[in-house]
Amino acid sequence: MMKILLPLDGNPKSETILPFAVNLALRREAELIAVRVMDPVALGGEPLAPLVSENFYRDVVAGGEEYLATLPARYPDVNLRTICQVGFPRELIRELAEREKCDLIVFASHGHSGLVRWIWGSLAEGVSRVAPCPVLLVRGHMPLHFHNVLIPIDSSAVSASVAERVSPFLEADSNITVLHCADAK
């Protein structure tokens, strides 16, 4: 069975991808794994007292699990599983994709740019560099079906395999354009 990993951060922008991911999972009869990874540094770091730290993380995880627990009821038609963890998102998402043998990771684009992107970076970009499977970055409110797909490639072997790796996620009537990019030296 195909598996699609869907990282969510509780932000309304990340939720805009849910209809797309659910539709993709239903069309491909895939299992959708919604994951919430909460970064301890972004959450305020380690408090000084170990007891406070333990309570803090317990509350954070409970909040994440509570958020994820609403998803199966909202999308009862899809095979949906949820996972909540505290840790460094890029590494935990990569490890989870490997352990679960995921076929695809689907991210919602938050659209950060400038200083915010420079300070926080892009989790999707970081995951795409280490992921064991393709990573699809989708802007919010995308159509549920891709009609025209552009695949830019270079002369590398990995690049040449992209169209083949993407095709299982497309419909039979999708148009694929492969664009070979090279330096004009």
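Before reading further, recall that the structure is shown in the block above.
Caption draft 1: Seen up close, the environment of Q85. The topology assignment puts Q85 in strand β3 (residues 79-86). Given a relative accessible area of 25%, Q85 falls into the partly exposed group. C-alpha separation for the pair Q85 and V61, spaced 24 residues apart in sequence, amounts to 6.7 Å.

Caption draft 2: View of the nonpolar core. Ranked by internal contacts, the top residues of the largest apolar core, which has 28 residues, are L6, L8, I17, L32, L71 and V106. Counting residues per element, the ones that place at least two in this core are β1 (3-7), α2 (18-27), β2 (31-38), α3 (50-69), β3 and β4 (104-108). Ranked by the residues each element gives to this core, the list is headed by α2, at six residues. In this view, L32 contacts I4, L6, A21, V22, A25, V78, N79, L80 and R81; residues no more than four positions away in its chain are not counted.

Caption draft 3: Broad picture of the pattern of salt bridges. Summed over all chains, the structure comprises eight salt bridges. A salt bridge links R94 to E91; the nearest nitrogen and oxygen atoms lie 2.8 Å apart. In this pair, R94 and E91 both sit in helix α5 (residues 89-100), three residues apart, roughly one turn of the helix. Here E125 makes a salt bridge to R129, at a shortest N to O gap of 2.7 Å. Taken as a pair, E125 and R129 lie in helix α7 (residues 123-130) at a separation of four residues, close to a single helical turn. Shared partners join several salt bridges into a network, and the residues in it are K3, E31, R81 and E100.

Here is what the cut-offs are and how they apply
- Residues numbered from 1 in each chain as written.
- Predicted model: local features only at pLDDT ≥ 70, side-chain atom pairs only at ≥ 80, totals over all residues.
- Heavy atoms only, no water.
- Helix = DSSP H or I, 4+ residues; strand = E, 2+ residues; numbered from the N terminus.
- Buried < 20%, exposed > 50% of the residue type's maximum accessible area, 1.4 Å probe, protein only.
- Core = buried A, V, L, I, M, F, W, Y, C linked by side-chain atoms within 4.5 Å.
- Contact = heavy atoms within 4.5 Å.
- Salt bridge = Lys/Arg side-chain N within 4 Å of Asp/Glu carboxyl O.

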